[in-house]
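Structure assessment
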Amino acid sequence: TKGLQYAAIQDYDNAVINFEKIDKSFKKFSKPNQRAILFSYLMTGKYQEAIDAEPKFAFSVVNYLVSKNTIDVVKNIKSEEPVIKFEQAAIKNDFKNVLNYKDKINLDGRRESLVVDAYIGLKQFDEGYEFAKTKGNNDLMIKVRQKQIEELKSKDEKANKDQIKKHEDEIKQLAKASE
């Protein structure tokens, strides 16, 4: 198709215009042609169209938006793909849904941090700490304990002093291990 010729010379705007004229089903294109179509959608900001054509492409769309520092665009995408639901929940600080979707997607360091933020947001510090520990991420373990200490100090109860001391010692150990 003419759209594929445009895609080959990186004229993605014209490629997309031509793809939209085709009444052939996306699935009937060869895999390389499907990739060219999806990439053209990605390069022209037609993220919804890309995901509608191939829902599994949602992960690539999200990674692209993260790399461009425009992840907020995800909130306008309509999709049931877990990676989209996870990112939408994170943007809205919907901590329960961040935790609901965390086991349904691949977690990179950024997403692990969003999961820890969700545990902190729900004041589930020990669960957040355990999650960070299973990922072997000392920085996130320290972050959880620091937030937990802030929370304990804000309550200013004598009973919290021992807990604060315990967590501060733990942070020192983690910080040494990170050196």
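What this report covers is the structure whose coordinates are included nearby. Since this is a predicted model, take the numbers as computed values, not measurements.

Some remarks on the environment of Pro 55
Tracing the backbone through its elements, the reader meets Pro 55 in the loop between helix H4 (47-53) and helix H5 (58-67). A C-alpha to C-alpha distance of 44 Å links Pro 55 and Gln 173, two positions 118 residues apart in sequence.

Topic: the packing of helix H8 (residues 109-121) against helix H9 (residues 125-134)
At a minimum axis distance of 8 Å, the contact between H8 and H9 shows a crossing angle of 165°. On the basis of their axis angle, the class for H8 and H9 is roughly antiparallel. The element H8 and its partner H9 pack so that their crossing is left-handed. Facing Glu 112, Val 115, Val 116, Tyr 119 and Ile 120 of H8, the residues of H9 in contact are Phe 125, Glu 127, Gly 128, Phe 131 and Ala 132.

Section: the pattern of salt bridges
Under the criterion given, the structure shown has twelve salt bridges. The residue Lys 27 makes a salt bridge to Glu 54 at a minimum N-O spacing of 2.9 Å. Pair noted here: Lys 27 is in the loop between helix H2 (12-21) and helix H3 (31-43) and Glu 54 is in the loop between H4 and H5, with a separation of 27 residues, a long-range link. Taking the relative accessible area as the measure of exposure, Glu 54 reaches 14% and is therefore buried. Sharing partners across several salt bridges, the network here consists of Glu 87, Asp 108, Arg 110 and Arg 111.

Quick notes on H9
Those residues of H9 not exposed but buried are Phe 125, Gly 128, Tyr 129, Phe 131 and Ala 132. Along the long axis of H9, the arc covered by the buried residues comes to 160°, so they all point the same way. Residue Gly 136 follows H9 closely and has a positive phi angle near 70°.

Quick word on the side chain of Asn 18
Along the chain, Asn 18 turns up in helix H2. Those residues within four positions of Asn 18 in sequence are excluded, and the remaining contacts are Lys 2, Gly 3 and Tyr 6.

Observations regarding the nonpolar core
One finds Val 61 and Ile 84 to be the most contacted residues of the largest nonpolar core, which totals 51 residues. For this core, the leading source of residues is helix H10 (residues 138-155), giving six residues. In this view, Val 61 contacts Leu 42, Tyr 47, Ala 50, Ile 51 and Ile 77; residues no more than four positions away in its chain are not counted.

Cut-offs used in this document
Residues numbered from 1 in each chain as written. Predicted model: local features only at pLDDT ≥ 70, side-chain atom pairs only at ≥ 80, totals over all residues. Heavy atoms only, no water. Helix = DSSP H or I, 4+ residues; strand = E, 2+ residues; numbered from the N terminus. Axes fitted to C-alpha atoms, helices over the stretch in contact; angles between N-to-C directions. Parallel < 35°, antiparallel > 145°, perpendicular 65-115°, else oblique. Left-handed = near helix turned anticlockwise from the far one by under 90°. Contact = heavy atoms within 4.5 Å. Salt bridge = Lys/Arg side-chain N within 4 Å of Asp/Glu carboxyl O. Buried < 20%, exposed > 50% of the residue type's maximum accessible area, 1.4 Å probe, protein only. Arc of directions from axis to C-beta. Core = buried A, V, L, I, M, F, W, Y, C linked by side-chain atoms within 4.5 Å.

Taken by themselves, the reported measurements are silent on function.
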